[in-house]
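Understanding the architecture of this molecule
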Amino acid sequence: QAYNCLIHFYKRIYNKNMDDDKDKEYRWETGYEKTWEAIQEDKDGMLEVSVQDIIQKARRKRLAERQGKTKLGMMRHLYLIIDMSECMNNQDLKPTRLHCVLKLVEGFIDEYFYLNPISQLGIITTSNKRAEKISEMTGNPRRHIEVVKGLKNKPCVGEPSLQNSLDLVIQSLRNMPPHASREVIVIMGSLTTCDPSDISKTIAIASELKVRCSVINLSAEVRIYRELATNTGGLHNVILDDLHFKDLLTQHLDPPPSAAAAESSLIRMGFPSHAGREGEGGGLGMCLCHLDTSGDEGRKISTAGYLCPQCSAKYCELPVECRGCGLTLVSAPHLARSYHHLFPLPPFKELSPDSVPADQCSCSACGQNFSGAKDRCVFQCPLCHQMFCTECDLFVHETLHTCPGCAATPARSSLPNSHPHTNGNGNGAVFNGVG
């Protein structure tokens with residue numbers, strides 16, 4: 001009986017791609033394979049080269065899958081579920097799993113709100129067979145980061161509860177408007193979950209409510225987490241190291257495609273006027289976003305702020321949902337920042353270093369010469385035909401979202417099938433606000 005339980009345990013952990021490979025054999029039932037030949041060592045005998053190669057291939061695959069003219073859920077409502085069970089004290093991630101997770105989550109929150117300025121986020125922790133909402137769904141990244149930093153002093157005890165966490169998420173996202181996406185990212189280090197009832201029913205409810213659940217496992221693949229991601233249309237991954245973990249979080253920064261049955265609707269938004277800067281004219285007042293904060297620093301009265309165009313309530317930062325009238329307050333740059341999600345930069349053509357022309361032997365972005373040892377492949381823009389190294393190609397597609405070679409030749413904007421302006425700029429010589 002113990003032998004059968006052990007076999008069943010390993011089947012639950014190592015059964016890969018259940019949704020697509022149900023008819024295939026298990027890994028240990030297949031033929032003999034020399035899997036270690038895929039691992040490469042550097043001159044010091046380290047395996048970092050292989051891990052970096054896996055990460056870069058995954059990032060490039062995501063770039064190739066980006067397509068324009070796709071309906072996206074731009075107004076995102078995302079919950080982070082963080083495992084705070086006793087297994088988060090393990091030191092396979094330095095200094096501990098918990099400290100590594102919290103550090104990467106802080107960076108994820110900053111990037112999330114930078115790339116999704118009109119979205120919101122909430123944080124839930126699970127430990128000791130319970131789930132707790134430690135940060136409400138809001139669009140204020142500072143509040144979330146302060147809460148995450150406070151978790152470093154919180155003890156990790158007991159087992160997690162996936163069902164209690166999902167119940168909290170469902171209760172919060174059930175009444176969200178249909179045009180907003182509903183997402184969950186589960187960061188789980190434990191191989192178990194202690195639930196009060198049938199978890200399959202909770203997963204079915206999440207699927208009916210169109211809650212997209214993705215799971216990042218820190219230890220190994222567990223069947224119930226794979227089923228959660230599969231049934232709700234999310235992603236499931238197991239990390240290799242901290243760099244791979246950061247890359248897996250990065251793939252959730254882009255808004256997911258909207259459901260085909262999701263209805264489209266017009267959303268009222270307000271563009272507030274600036275109330276003045278500190279020391280200038282204007283009435284004194286306290287911003288509504290700091291009324292519930294503790295301490296005198298957050299409740300400082302000043303003349304600076306943004307006034308709601310509908311009820312004249314004052315706020316110190318944007319975007320925010322007005323507490324007085326419920327109007328979503330944003331600025332024009334916030335909407336323009338979401339432009340690259342709708343019109344992604346086309347992937348660059350991959351070339352071998354031997355096929356690079358003699359007059360383009362250096363990267364057009366960083367200026368470094370191409371070397372066969374470092375640059376096993378180079379990339380060429382299909383529009384301006386400039387050459388880029390691997391790191392600059394990823395930086396252009398993931399961060400800059402504009403080809404430097406195309407931006408340096410604004411005359412291309414007069415060609416057919418090109419956009420005469422970008423991100424709301426009327427001048428064809430301006431790209432993403434940079435002249």
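Residues numbered from 1 in each chain as written. Predicted model: local features only at pLDDT ≥ 70, side-chain atom pairs only at ≥ 80, totals over all residues. Heavy atoms only, no water.

Take the pattern of salt bridges next. A side chain with one charge can pair with a side chain of the opposite charge if their charged atoms come near. Tallied over the entire structure, the rule returns six salt bridges. In this structure, Arg 97 and Asp 92 form a salt bridge, with 2.8 Å as the shortest nitrogen-oxygen distance. A salt bridge links Glu 132 to Lys 154; the nearest nitrogen and oxygen atoms lie 3.2 Å apart. You can see Glu 132 sitting in strand S3 (residues 130-138) and its partner Lys 154 sitting in the loop between helix H4 (141-150) and helix H5 (162-173), a full 22 residues away along the chain. Looking at Lys 154, the relative accessible area reads 24%, which means it is partly exposed. (Salt bridge = Lys/Arg side-chain N within 4 Å of Asp/Glu carboxyl O. Helix = DSSP H or I, 4+ residues; strand = E, 2+ residues; numbered from the N terminus. Buried < 20%, exposed > 50% of the residue type's maximum accessible area, 1.4 Å probe, protein only.)

What follows deals with helix H8 (residues 242-250). Of all the residues in H8, the buried ones are His 244, Phe 245, Asp 247, Leu 248 and Leu 249. One side-chain oxygen at the N-terminal end of H8 lies 3.3 Å from the backbone nitrogen of Leu 243; it belongs to Asp 241. (Polar contact = N/O pair within 3.5 Å; in protein donor to acceptor, adjacent residues only side chain to side chain.)

Bringing the confidence of the model for the protein chain into the picture now. On average, residues of the protein chain score 77 in pLDDT, and 69% of them are at 70 or above. Mean pLDDT in the protein chain bottoms out at helix H1 (residues 2-14), which sits at 45, and peaks at strand S5 (residues 211-217), which reaches 95. Overall, residues 1-11 carries pLDDT values under 50, and its contacts beyond four positions in sequence, including any with other chains, amount to five contacts. Every residue in residues 412-435 scores below 50 in pLDDT, and together they form 37 contacts with partners more than four places removed in sequence or on other chains. (pLDDT = per-residue confidence, 0-100. Contact = heavy atoms within 4.5 Å.)

Further remarks concern the sheet that holds strand S11 (residues 320-321). If you walk across this open sheet you meet the three strands as S7-S12-S11, and the pairing is mixed. One side of each edge strand has no neighbouring strand; the edge strands of this open sheet are strand S7 (269-270) and S11. Across two bridges, S11 lies against strand S12 (residues 328-329) in antiparallel orientation. The residue bridging Glu 321 from the neighbouring strand is Thr 328, located in S12. (Pairing = 2+ DSSP bridges.)

The topology assignment puts Arg 76 in strand S1 (residues 76-83). Classification of Arg 76 by relative accessible area gives buried; the value is 1%. Looking at Arg 76, its side chain comes within polar contact range of the main-chain oxygen of Leu 253, at 2.7 Å. Only 3.5 Å separates the side chain of Arg 76 from the backbone oxygen of Asp 254, close enough to count as a polar contact. Apart from residues no more than four positions distant in its own chain, Arg 76 is found in contact with Tyr 112, Asn 116, Ser 119, Gln 120, Ser 181, Glu 183, His 252, Leu 253, Asp 254, Pro 255 and Pro 256.

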